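A look at the structure
These are the residues of each chain, in order.
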Amino acid sequence: MSTAEAAIRTHGLGRQFAGRWAVRDLDLSVRPGELYGFLGQNGAGKTTTLRMLTGLLRPSAGTLQIAGLDHLRHGRALKQRLGFVPDTPPLYDYLTGRQYVALVASLWHTDRARRDERCERLFALLDLAAVADDLCKGYSHGMKKKLHLAAVLTTAPQVLLLDEPTTGLDPLSTRRLKELLREQCRGGTTVLLSTHVLDVAEQICDRVGILHDGTLCAEGTVAELRAQHGGRSLEDVFVQTTGGTIDGPAAG
Ligand SMILES: Nc1ncnc2c1ncn2[C@@H]1O[C@H](COP(=O)(O)OP(=O)(O)O)[C@@H](O)[C@H]1O
Ligand SMILES: [Mg+2]
């Protein structure tokens, strides 16, 4: 894939903290409209990678491009094309859900009529309509994540990054989120998410990458990774790839 074709591309990307590499020599290439899942144990480097991609964290090494734009030369234009849903969204306690969406949309210069139309649909889909005029202060963790996702999607990002998007969500919301992310990809948005939840990876990701100790140690479709490991389950592949051992016969 050429640089122009990739929606997200990194080359030799790395970040050190206090002399220790949290992410090392990462080469990543995600196609437009692809849904890519980052899997990894706690501390594997998933959040660090996402924060570098968003521009919140400066890389110690390597290069990155989003939608063909280099992070050093075109940082502002790059950020305009990005949406980021962090693990803990930065909401304002004393804004209502609807006011928060309006604030984010105005920062992105989103047309008001489009904002309202998208916002209403997303609120209904994510089961936020009943609390839309309540202060964010009273929202649960899952509601905060859904609200921030709705706000970000109102800006119609070209590339959407999500850090552990299902954490704190109930099963129905998780299902709606999965459908929504697939729908975004069908519409041409590129989605990169990190998750601990292997079901999410199996059900919706076109490709997954397994990060271990800051290094991308396996990558492919779930079917490819399973085939490379004798047809074992994704859970077994994950455990083996990240240094664990598994017992028992091969899973079907
Ligand atoms: N701001 C920071 N300062 C120091 N170390 C950090 C910082 N952020 C992350 N790390 C370290 O980098 C490693 C990767 O962390 P992180 O990217 O948060 O992993 P993950 O999201 O996969 O759980 C961990 O060892 C973590 O302690
Ligand atoms: Mg993390």
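We now turn to the structure provided with this report. (Residues numbered from 1 in each chain as written. Chains lettered and ligands numbered in written order. Predicted model: local features only at pLDDT ≥ 70, side-chain atom pairs only at ≥ 80, totals over all residues.)

Comments concerning the site of ligand 1
Around ligand 1, the structure places Phe17, Ala22, Gly40, Asn42, Gly43, Ala44, Gly45, Lys46, Thr47 and Thr48. Sort the elements by how many residues they give to the shell around ligand 1 and helix H1 (residues 46–54) lands first, with three residues. Of the residues belonging to the shell around ligand 1, the class tally is three nonpolar, six polar and one charged. (Near = placed C-beta within 6 Å. Helix = DSSP H or I, 4+ residues; strand = E, 2+ residues; numbered from the N terminus. Nonpolar A, V, L, I, M, F, W, Y, C, P; charged D, E, K, R; others polar.)

What about the pairing of strand S6 (residues 82–85)?
Across the two faces of S6 the burial is the same, with Leu82 and Phe84 and Gly83 and Val85 all buried. With four bridges joining them, S6 and strand S7 (residues 159–163) adopt parallel strand pairing. Paired with Phe84 across the strands is Leu161, a residue of S7. (Buried ≥ 20, exposed ≤ 12 C-beta atoms within 10 Å, placed from the backbone. Pairing = 2+ DSSP bridges.)

Section: the sheet that holds S7
Strands sit in the order S6-S7-S8-S3-S9-S10 across an open sheet of six strands; the sheet is mixed. Strands with a single pairing partner mark the edges of an open sheet, and in this sheet they are S6 and strand S10 (215–220). Mean inter-strand twist for the sheet, computed between neighbouring axes without regard to direction, equals 15°. Relative to strand S8 (residues 190–195), S7 is paired through five bridges, and the arrangement is parallel. Looking at S8, one finds that Asp163 is bridged to Ser194. (Axes fitted to C-alpha atoms, helices over the stretch in contact; angles between N-to-C directions.)

Quick notes on the packing of helix H4 (residues 112–125) against helix H5 (residues 141–154)
The N-to-C vectors of H4 and H5 enclose an angle of 150°; their axes lie 9 Å apart at closest approach. As far as their axial angle goes, H5 and H4 are roughly antiparallel. When you trace H4 past H5, the crossing you get is right-handed. Between H4, through Arg115, Arg118, Cys119, Leu122 and Phe123, and H5, the contact on the second element is made entirely by Ala150, Leu153 and Thr154. Taken together, the residues of the contact of H4 with H5 break down into five nonpolar, one polar and two charged. (Parallel < 35°, antiparallel > 145°, perpendicular 65-115°, else oblique. Left-handed = near helix turned anticlockwise from the far one by under 90°. Contact = placed C-beta atoms within 7 Å.)

Here's the deal with the pairing of strand S4 (residues 61–66)
The pairing of strand S1 (residues 8–17) with S4 spans five bridges and is antiparallel. Among the inter-strand pairings, Ile8 is bridged to a residue of S4, identified as Ile66. What sits between the antiparallel neighbours S4 and strand S5 (residues 69–70) is a turn of two residues, in which Ala67 has the positive phi angle 50°.

Points about H4
A rise of 1.5 Å per residue sets the reference length of H4, with its 14 residues, at 20 Å; its end C-alpha atoms lie 20 Å apart and thus fit the reference within 8%. The set of residues buried in H4 consists of Arg115, Arg118, Cys119, Leu122 and Phe123. Each buried residue of H4 sits inside an arc of 130° when the element is viewed along its axis, so together they form one side. Pointing more than 90 degrees away from the buried face of H4 are the exposed residues Ala113, Glu117 and Ala124. The inward-facing, buried residues of H4 abut helix H3 (97–107) and H5. Where H4 terminates, the next one or two residues include Asp127, which has phi positive at roughly 60°. (Expected span 1.5 Å × (residues − 1). Arc of directions from axis to C-beta.)

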